[in-house]
Each structure stands twice: as structure tokens, then as C-alpha cells.
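Each chain is listed here by its residues.
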Amino acid sequence: MEAILPKGPEVIVSLISFLVLFVVLWKFALPPITNMLDKRSETIRESLEKAEETRVEAERLFEEYKQQMAEARGEAAKVIEQGRKVAGAMKDDIVAKANEEAANVIAKAKETIEAEKKAAMAELQRSVADLSVAVAGRLIGAELSAADHEKLISQAIEEVGSLK
């Protein structure tokens, strides 16, 4: 059993070596390791704070973006509505002008028809008067004087005019 258990002086030497090594590590190795871990912890904490600030800023910018998009959509709707109003006004104006031009064309056509009707009536009256004088001359068998001729034309015109 002696082989398993260390002897007393070996235990004391091992214990003293362990304590010396522990003190040396405590004095020289532990402070730089602790400083390094503290710095790393501080860096991680700062990174987390910056990440949180960045997240908050990103959320604020996103809300700003959503608001700007809503405003842009509103403006676009206003522009579209205004375009529709302008187009409607232009359409109404064009229709009104077309109706006015159509009315003018119809009025001119009526005036032209009336003028041509009057001219045709006058021509018809002259033709009827000439025919009447010619027929009257044949019926009477004699040539009419200029005064008689004029008198018969006037009577024929009056008769034809009264037929209206």
C-alpha cells in the first residue's frame, strides 16, 4: 500500500510547490488574465450598447420611412385626383366646344338652306310669271305691251307668293 500513498516529505514538498506556484500565478498571471477578461467584458458590453442604440435608431428610421411613404402615397393620390379633375374639366370643355361648333354648323346650314329656298322660290316665281305671260299672250292672241306685261308679272308673283 505504500506505493499508492505518497510519503510525508513528498506531500510537504508538493504542497509547498503548489503554494509557490499558486502565489506566483496569483501575483503575475492572474492580474493580466483578469484585466484581459475585464476588457473583453467591457468591449462586449459596449458592443451590446451600440447594437441596442443602432437597433433603436433603425426602428426610428423605419418609422420615419413608413411615415414618409404614407405621405408620398397621400401626395400621389392627390396628384392623381387632381389629374382626374383636370382631365374631366378638359373633357367638359372639349364637349362644350364641340357642341357649340355643331350648333354653329347647324345654324349656318339652316341659313344656307333658307337662302337657297328663297332663291329657288324667286326663280320659280320668275319662271311662273314668264310662263303666265307667255300663256296669256297665246290665249289673247295678241302681243302685250310692256306695261301689260309688267302688270301680269306682278299679279302672277302675288298669286304665287300667296300660295305659301
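Residues numbered from 1 in each chain as written. Predicted model: local features only at pLDDT ≥ 70, side-chain atom pairs only at ≥ 80, totals over all residues. Heavy atoms only, no water.

Digging into the overall build of the protein
Keep this limit in mind: Helix and strand definitions here come from DSSP, where helices need a minimum of 4 consecutive H or I residues and strands a minimum of 2 consecutive E residues; each element is numbered from the N-terminal end. With a 1.4 Å probe rolled over the protein chains alone, any residue whose accessible area is under 20% of its type maximum counts as buried; one over 50% counts as exposed, and the rest are partly exposed.
Broken down by element type, the protein carries two helices and zero strands. Taken across its 164 residues, the protein has 5% of its residues classed as buried.

Considerations on the pattern of salt bridges
Defined as follows: Should a side-chain nitrogen of Lys or Arg be within 4 Å of a carboxyl oxygen of Asp or Glu, the pair is scored as a salt bridge.
The final tally for this structure, using the stated rule, is 10 salt bridges. Note that glutamate 42 and arginine 45 form a salt bridge whose closest N and O atoms lie 2.1 Å from each other. With glutamate 42 and arginine 45 both in helix 1 (residues 8-140) and three residues apart, this pair spans about one turn of that helix. The exposure class assigned to glutamate 42 is partly exposed, which follows from its relative accessible area of 32%. Here arginine 45 falls in the partly exposed class, since its relative accessible area comes to 38%. With a shortest N-O distance of 2.5 Å, glutamate 49 and arginine 45 are connected by a salt bridge. Within this pair, glutamate 49 and its partner arginine 45 are both found in helix 1, separated by four residues, close to a single helical turn. Each of Glu42, Arg45 and Glu49 takes part in one network of salt bridges that share partners.

Topic: the packing of aromatic side chains
Basically, it comes down to this: Any Phe, Tyr or Trp ring, taking Trp's six-membered ring, that has another such ring centre within 6.5 Å forms a pair; planes under 30 degrees apart are called stacked, those over 60 apart edge-to-face, and the others tilted.
The final tally for this structure, using the stated rule, is two aromatic pairs. Considering the side-chain rings of phenylalanine 18 and phenylalanine 22, the 6.3 Å spacing of their centres and the 25° angle between planes classify their relative orientation as stacked. In this pair, phenylalanine 18 and phenylalanine 22 both sit in helix 1, four residues apart, roughly one turn of the helix. The exposure class of phenylalanine 22 is partly exposed, given its relative accessible area of 43%. Taken together through their ring pairs, the aromatic side chains of Phe18, Phe22 and Trp26 make up a single cluster.

Concerning the environment of arginine 55
What counts is decided by this rule: Definition of a polar contact: a pair of N or O atoms within 3.5 Å, with one able to donate and the other able to accept a hydrogen when the atoms are protein atoms, and with sequence-neighbouring residues admitted only if both atoms are side-chain atoms.
Looking at where arginine 55 falls in the secondary structure, it is placed in helix 1. Polar contacts involving the side chain of arginine 55 include one to the side chain of glutamate 52, which spans 2.4 Å.

Read these as spatial facts, not as claims about activity.
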